[in-house]
Amino acid sequence: MTGTAEPTAVAALACLGAGVWLTAGRHAGARRARALFVGGGTVGVGPPTVHRVTDSLRRVRGRFRGEWWSLVAGLVLAVLGASVLPVVAGAAGVPVLRRVRLAARDRGDRERRQDAVIALCGALAGEVRAGRQPGEALLSAAHDSGGLGEARAGVLAAARFGGDVPGALAAAARQPGAEGLLGLAACWRVAVDQGAGLAAGLDRLEGALRAERDQRADLRAQLAGARATAVMLAGLPALGLLLGVALGSDPLHVLLHTGAGLGCLLAGAVLEGLGVWWVSRIVRGAEAVT
């Protein structure tokens, strides 16, 4: 019995040792991997270099705005068509697309400021209804919304030290999208001079601003078709080139290296620009009505 138990014990000890060795090896590999990827390793390219490369790529992506894709597309077409004209057209498209991007950014900032003014009116009405004095209520409500924008410091200083709050609000209303602060200034002046209820006036102002915002949103939804038409007009030339390639022809050579092609290219560019400009003018005119 003893002779049989000894080999069994030896085999068990051997299995236990092998398991411990394998486990230690796995843990060592995991430690090496963590040291390599977290920052403690010195093998190959270390994490600081990886982080520097990543930060550099982020900075390049932040500086490389969307309008520069126009120049990239022009370079690609110039290589494919063996002509310098696409590069010129791509470079000319960069300032146009930059203007479109900046206009879209300004429109987004204006809409966010309009929403912030509505939130400010609602918060201020709630603070006044809770029993706070108008100046104290404005100080409290301004911390919960960004409706005052860049003029926030002047308005808060006027409210804190008893200054001309309506004048400060009127100055803040000069920011695009903050025109609703003129109504707030009027409510404030009426409440202070005539003793009228500020909360009731703010409720009516908030309702009016919300209705105006909803009207703009409804108009924007109705104009979505016109915007889609403008986008389709802008994409038709690229679709035409792709169809020409699919049919087995060489549209770039015809457009860039033949007299008839250059004439068609010039006429198409003029008509394309006029079509997009006309549709955009219709959309801007409809939006300006509200």
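Residues numbered from 1 in each chain as written. Predicted model: local features only at pLDDT ≥ 70, side-chain atom pairs only at ≥ 80, totals over all residues. Heavy atoms only, no water.

**Q** In this structure, what is going on with unusual backbone geometry? I would like to understand it.
**A** The bulk of non-glycine residues show a negative phi, and the bulk of peptide bonds are trans. Of note, the phi angle at Ala82 is positive, near 55°, even though the residue is not glycine. For Ala82, the location among the structural elements is in the loop between helix H3 (69-81) and helix H4 (85-129). (Helix = DSSP H or I, 4+ residues; strand = E, 2+ residues; numbered from the N terminus.)

**Q** Sorry, what's going on with the packing of helix H9 (residues 198-222) against helix H10 (residues 224-246) here?
**A** In a pair of packed helices, the angle between the axes and the distance between the axes together describe the arrangement. At a minimum axis separation of 4 Å, H9 and H10 run at an interaxial angle of 40°. By the criterion of interaxial angle, the relationship of H9 to H10 is oblique. Across from Arg220, Ala221 and Gln222 in H9, the residues of H10 making contact are Ala224, Gly225 and Arg227. (Axes fitted to C-alpha atoms, helices over the stretch in contact; angles between N-to-C directions. Parallel < 35°, antiparallel > 145°, perpendicular 65-115°, else oblique. Contact = heavy atoms within 4.5 Å.)

**Q** Is there a simple way to think about the packing of helix H6 (residues 152-160) against helix H7 (residues 165-172) in this case?
**A** In the contact formed by H6 and H7, the axes pass within 9 Å of each other and the chain directions differ by 170°. Classified by the interaxial angle, the pair formed by H6 and H7 is roughly antiparallel. On the side of H6, the interface is formed by Gly154, Val155, Ala158 and Ala159, while H7 contributes Val165, Ala168, Leu169 and Ala172. Here the contact of H6 with H7 is composed, by residue class, of seven nonpolar, one polar and no charged. (Nonpolar A, V, L, I, M, F, W, Y, C, P; charged D, E, K, R; others polar.)

**Q** Teacher, can you tell me more about H3 here?
**A** Residues spaced three or four apart along an α-helix point in a common direction, a consequence of the helix completing one turn every 3.6 residues. With 13 residues, H3 extends 18 Å from end C-alpha to end C-alpha; this agrees with the ideal 18 Å at 1.5 Å per step. Taken residue by residue, H3 has Ser70, Gly74, Ala78 and Gly81 as its buried positions. The buried residues of H3 occupy an angular sector of 80° when projected down its axis, which confines them to one face. For H3, the exposed residues lying more than 90 degrees away from the buried face are Trp69, Val79 and Leu80. Buried residues along H3 sit in contact with H4 and helix H11 (251-257). (Expected span 1.5 Å × (residues − 1). Buried < 20%, exposed > 50% of the residue type's maximum accessible area, 1.4 Å probe, protein only. Arc of directions from axis to C-beta.)

**Q** Looking at this model, I keep getting lost on the nonpolar core. Mind explaining?
**A** Taken as a class, soluble globular proteins show a tendency for nonpolar side chains to be buried jointly. Ranked by internal contacts, the top residues of the largest apolar core, which has 34 residues, are Leu124, Leu138, Leu148, Leu169, Leu181 and Leu184. Of all the secondary structure elements, the ones that give two or more residues to this core are H4, helix H5 (134-142), H6, H7, helix H8 (180-194) and H9. In terms of residues, this core owes the most to one element, H4, which gives seven residues. Discounting residues that sit within four places of it in the chain, Leu148 has contacts with Leu120, Ala142, Val155, Leu156, Leu169, Ala172, Gln175 and Leu181. (Core = buried A, V, L, I, M, F, W, Y, C linked by side-chain atoms within 4.5 Å.)

**Q** So what exactly am I meant to see when it comes to the side chain of Glu206 here?
**A** In this fold, Glu206 is placed in helix H9. A relative accessible area of 15% places Glu206 in the buried class. Excluding residues that lie within four positions of it along the chain, Glu206 makes contacts with Ile118, Cys121 and Gly122.

**Q** Got a minute to help me understand the environment of Val279 in this structure?
**A** For Val279, the position within the fold is in helix H12 (residues 259-289). Sequence spacing of Val279 and Ala228 is 51 residues, and the spatial spacing of their C-alpha atoms is 9.9 Å. Val279 has contacts with Ala226, Ala230 and Leu233, leaving out every residue within four places of it along the chain.

**Q** Please clarify how H9 should be interpreted in this entry.
**A** For H9, which comprises 25 residues, the first-to-last C-alpha distance of 36 Å matches the rise-based estimate of 36 Å (1.5 Å per residue) to within 8%. Turning to H9, its buried residues are Leu198, Ala199, Gly201, Leu202, Leu205, Glu206, Leu209, Arg216 and Leu219.

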